[in-house]
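Chain residues, written in single-letter form:
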Amino acid sequence: EAGVVQSPRYKIIEKKQPVAFWCNPISGHNTLYWYRQNLGQGPELLIRYENEEAVDDSQLPKDRFSAERLKGVDSTLKIQPAELGDSAVYLCASSSLAGSPGGTDTQYFGPGTRLTVL
Amino acid sequence: AQSVTQLDSQVPVFEEAPVELRCNYSSSVSVYLFWYVQYPNQGLQLLLKYLSGSTLVKGINGFEAEFNKSQTSFHLRKPSVHISDTAEYFCAVTFSYGQNFVFGPGTRLSVLP
């Protein structure tokens, strides 16, 4: 079974430029998460999707960040314009709420995209 | 507010020695608890999880954790570590089914030869 796929793995841009990250979750997983992980810290949720609906985007800086999950499968996270403080690793995760209670809600993570804003 | 504390930011330990990584959470309701490991330049991988039942949970790579409700803790242990266990370890909690995870700040485990 393929895991969560993210691209690109690394991105270096200058401030004020736009950037986009792509995520393809595990097949059949209806829940998709975008996290930001700053250096030396744990992941912090940006947005959570249930199928194509964003059910929690309270931590997403909406002035410059946007996300979409058309057709409820893969997703794109965009930053426009990027700022120096956006340098971080952006992680995508997916989970399935279906199945037995023992399989409840484990999140499976992709390798992340490391963004460097100069 | 929900929170997870990992008091030790770094834990150096010699190879084949035992190790315990501490995790405490704040909640007055039922929780689901997870430990993830992150190797350099990789995503997070699930080590183990507690959903209900036995408070001693066994995971991959010889790790185990014990849920202690009275102390609101979920410490991770391994009786004998290997060099390959060097990584960042994150404790995470979710407070109800289908809700968001809250991650701790992580503990960097360094296994020394």
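Caption draft 1: Here's a closer look at the interface of chain A and chain B. Taken together, the contacts link 25 residues of chain A with 20 residues of chain B. Carbon and sulfur atoms make up 48% of the area that chain A and chain B hide from each other, which totals about 1800 Å². Inspection of the region where chain A meets chain B yields zero salt bridges. The interface formed by chain A and chain B contains four residue pairs in polar contact (both at pLDDT 80 or more). Among the secondary structure elements, those contributing two or more residues to the side of chain A that touches chain B are strand 4 (31-37) and strand 5 (44-50) of chain A.

Caption draft 2: Structural detail: the confidence of the model for chain A. Across chain A, the average pLDDT comes to 90, with 92% of residues at or above 70. A low-confidence stretch, residues 99-103 of chain A stays under pLDDT 50, and its non-local contacts, those more than four residues away or across chains, total five contacts.

Caption draft 3: How the structure looks around the sheet that holds strand 1 (residues 5-7) of chain A. Residues and elements named next belong to chain A. Taken in spatial order, the four strands line up as 1-3-8-7 in an open sheet, and their pairing is antiparallel. Each edge of the open sheet carries a strand with a single partner, namely strand 1 and strand 7 (65-68). Strand-to-strand twist of the sheet, defined as the mean angle between neighbouring strand axes without regard to direction, takes the value 15 degrees. Where strand 3 (residues 19-24) and strand 8 (residues 75-79) come together, five bridges link them in antiparallel fashion. Directly across from F21, in strand 8, lies its bridge partner L77.

Caption draft 4: Main features of the state of the cysteines. Residue and element names in this part refer to chain A. Evaluated as defined, the whole model comprises two disulfides over all chains. Here C23 pairs with C92 through a disulfide, and the sulfurs are 1.9 Å apart. Here the disulfide of C23 and C92 is left-handed, its torsion about the S-S bond being about -70 degrees. You can see C23 sitting in strand 3 and its partner C92 sitting in strand 9 (residues 88-95), a full 69 residues away along the chain. Note on accessibility: C23 and C92 belong to one class, buried.

Analysis parameters
- Residues numbered from 1 in each chain as written.
- Chains lettered and ligands numbered in written order.
- Predicted model: local features only at pLDDT ≥ 70, side-chain atom pairs only at ≥ 80, totals over all residues.
- Heavy atoms only, no water.
- Contact = heavy atoms within 4.5 Å.
- Buried area = accessible area lost by both parts, 1.4 Å probe.
- Salt bridge = Lys/Arg side-chain N within 4 Å of Asp/Glu carboxyl O.
- Polar contact = N/O pair within 3.5 Å; in protein donor to acceptor, adjacent residues only side chain to side chain.
- Helix = DSSP H or I, 4+ residues; strand = E, 2+ residues; numbered from the N terminus.
- pLDDT = per-residue confidence, 0-100.
- Pairing = 2+ DSSP bridges.
- Axes fitted to C-alpha atoms, helices over the stretch in contact; angles between N-to-C directions.
- Disulfide = S-S within 2.5 Å.
- Buried < 20%, exposed > 50% of the residue type's maximum accessible area, 1.4 Å probe, protein only.

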